[in-house]
Amino acid sequence: MDSPFPAGGDPDAFKDAPLFRELQRIMQSSSGPVNWELARQAGVAAVVEAGQDPEPDPQERHGLEEAVRVAELHVARFTGLEPPADIAEVQPVRRTTWVNLNTESLRAVMEPAAQRMADALGRAGEHALGGEEGSETAALGGMLAQIGPILQGTQIGSVLGFLAQHVMGQYDIAVPRGGDKALLFVTANIAKFEKD
């Protein structure tokens, strides 16, 4: 992606301006319709702003593992189904870890919708200029191509940051995903729910 800054992507151009250097790095980190690095950072920032996010302790892991085993036995008894042969991996996590993991796992779900949004924005820009070819259309198309991933990344990051403060674990959202099959438990949210 071309740099939106006058220096044209020269890495030394902003050595004395850390803010612009960071903006340049974030804008260049996107190669699709969503700036996933920005989404991750926005989600983590929302979690950090919300307050404490302690590291889970080993006792929490042990208690969650026992609860999962008991739940599996109850489900098997109630449904008459055989309990699963493999033991589910239980992984207590911090809110920021949940954001990081979901930034990756939701990419396959979100990319197609984000691409459709980017295509619609491109068509809207062409329509706004009456389909005229020329430098104005190219400039608008270039601007939308750079701003679109930033807007999408910011929105997705905001949603992930909000959800990370409320979900109990990985499967609170009924969206099938690939990748790691561990059962994630956001211990800070579980503790808050118990306290409330």
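One numbering rule holds for all chains: residues counted from 1, following each sequence as written. Reporting in this predicted model follows two pLDDT cut-offs: at least 70 for local features of residues, and 80 or more for side-chain atom pairs to be given and counted; totals over whole chains, interfaces and linings ignore these cut-offs and use all residues. As a rule here, side-chain values come from all non-hydrogen atoms in the structure, and water together with hydrogens is ignored.

Visitor: Quick rundown of the overall build of the chain? Include the residues and the values.
Guide: Strands are runs of DSSP state E lasting at least two residues, helices are runs of H or I lasting at least four, and both sets are numbered from the N terminus onward. When helices and strands are tallied, the chain shows 7 helices and 2 strands. Counting the 196 residues in the chain, one finds 30% classified as buried. Considering only intrachain contacts with a sequence separation of at least 6, the fraction spanning at least 24 residues in the chain is 70%. Note that accessible areas follow from Shrake-Rupley with a 1.4 Å probe, and for residues the cover is restricted to the protein chains shown. With the model as given, the accessible surface of the chain reaches about 12300 Å², and the carbon-plus-sulfur share is 60%. Relative accessibility decides the category of a residue: with a 1.4 Å probe and only protein chains considered, values under 20% of the type maximum give buried, values over 50% give exposed, and everything between is partly exposed. Contacts between residues were defined by any pair of non-hydrogen atoms, one from each residue, lying within 4.5 Å.

Visitor: An account of the nonpolar core is needed here, citing residue identities and associated values.
Guide: If you look at the biggest cluster of nonpolar residues, it comprises 17 residues, and the most contacted ones within it are Trp98, Val99 and Ile156. Elements supplying a minimum of two residues to this core: helix 2 (36–50), helix 4 (95–105), helix 6 (135–164) and strand 2 (183–186). For this core, the element with the most residues is helix 2, which contributes 4 residues. Discounting residues that sit within four places of it in the chain, isoleucine 156 has contacts with Val34, Trp36, Ala39 and Met110. Val68, Ala88, Phe185 and Ile190 belong to the second-largest nonpolar core, a separate cluster that totals 6 residues. Side-chain atoms within 4.5 Å are what join buried Ala, Val, Leu, Ile, Met, Phe, Trp, Tyr and Cys residues into a set we call a nonpolar core.

Visitor: Tell me about the environment of arginine 95, residues and numbers included.
Guide: Positionally, arginine 95 belongs in helix 4. Expressed as a C-alpha distance, the spacing of arginine 95 and glycine 169, which sit 74 residues apart in the sequence, is 9.7 Å. If near-sequence neighbours (up to four positions away) are discounted, arginine 95 is found in contact with Val47, Gln52, Asp53, Ala164, Gln165, Val186, Ala188, Asn189 and Lys192. We define a polar contact as two N or O atoms separated by no more than 3.5 Å, with the added condition that, inside protein, one atom must be a possible hydrogen donor and the other a possible acceptor, whereas residues neighbouring each other in sequence contribute only through side-chain atom pairs. Of note is the side chain of arginine 95, whose polar atom sits 2.7 Å from the side chain of asparagine 189.

Visitor: Talk me through the packing of helix 2 against helix 4; I want residue IDs and the actual numbers.
Guide: Relative to each other, helix 2 and helix 4 sit at 160°, their axes nearing to 9 Å. Regarding the angle of helix 2 to helix 4, the classification is roughly antiparallel. For helix 2 against helix 4, the interelement crossing comes out right-handed. Counting all contacts with helix 2, which are made through Trp36, Arg40, Gly43, Val44, Val47 and Val48, the residues of helix 4 involved are Arg95, Thr96, Val99, Asn100 and Thr103. With axes taken as lines fitted to C-alpha atoms, and helix axes fitted only over the stretch in contact, angles between N-to-C directions fall between 0 and 180 degrees. By the definition adopted for this analysis, an angle is roughly parallel if under 35 degrees, roughly antiparallel if over 145, roughly perpendicular if from 65 to 115, and oblique otherwise. Note: crossing handedness is left-handed where the near helix turns anticlockwise from the far helix by less than a right angle, and right-handed where it turns clockwise.

Visitor: Account for the pattern of salt bridges, naming residues and giving values.
Guide: Salt bridges are identified by distance alone: a Lys or Arg side-chain nitrogen within 4 Å of an Asp or Glu carboxyl oxygen. Summed over all chains, the structure comprises 5 salt bridges. A salt bridge links arginine 94 to aspartate 53; the shortest N-O distance between them is 3.6 Å. Highlighted residues: arginine 94 in the loop between strand 1 (90–93) and helix 4 and aspartate 53 in the loop between helix 2 and helix 3 (58–79), separated in sequence by 41 residues. For arginine 94, a relative accessible area of 25% gives the class partly exposed. Measuring nitrogen to oxygen at the nearest pair gives 3.1 Å for the salt bridge that ties lysine 192 to aspartate 196.

Visitor: Summarise the side chain of asparagine 35; cite the residues concerned and give the values.
Guide: The residue asparagine 35 is located in the loop between helix 1 (18–28) and helix 2 in this model. At a separation of 3.4 Å, a polar atom in the side chain of asparagine 35 contacts the main-chain amide nitrogen of glutamate 37. Side-chain polar atoms of asparagine 35 contact the backbone nitrogen of leucine 38, separated by 2.9 Å.

Visitor: Got a sec to walk through helix 4? Specific residues and values, please.
Guide: Arg95, Thr96, Trp98, Val99, Asn102 and Thr103 are the residues of helix 4 that are buried. With its buried residues spanning 155° around the axis, helix 4 presents them on a single face. Directions pointing from the helix axis toward each C-beta atom define the arc.

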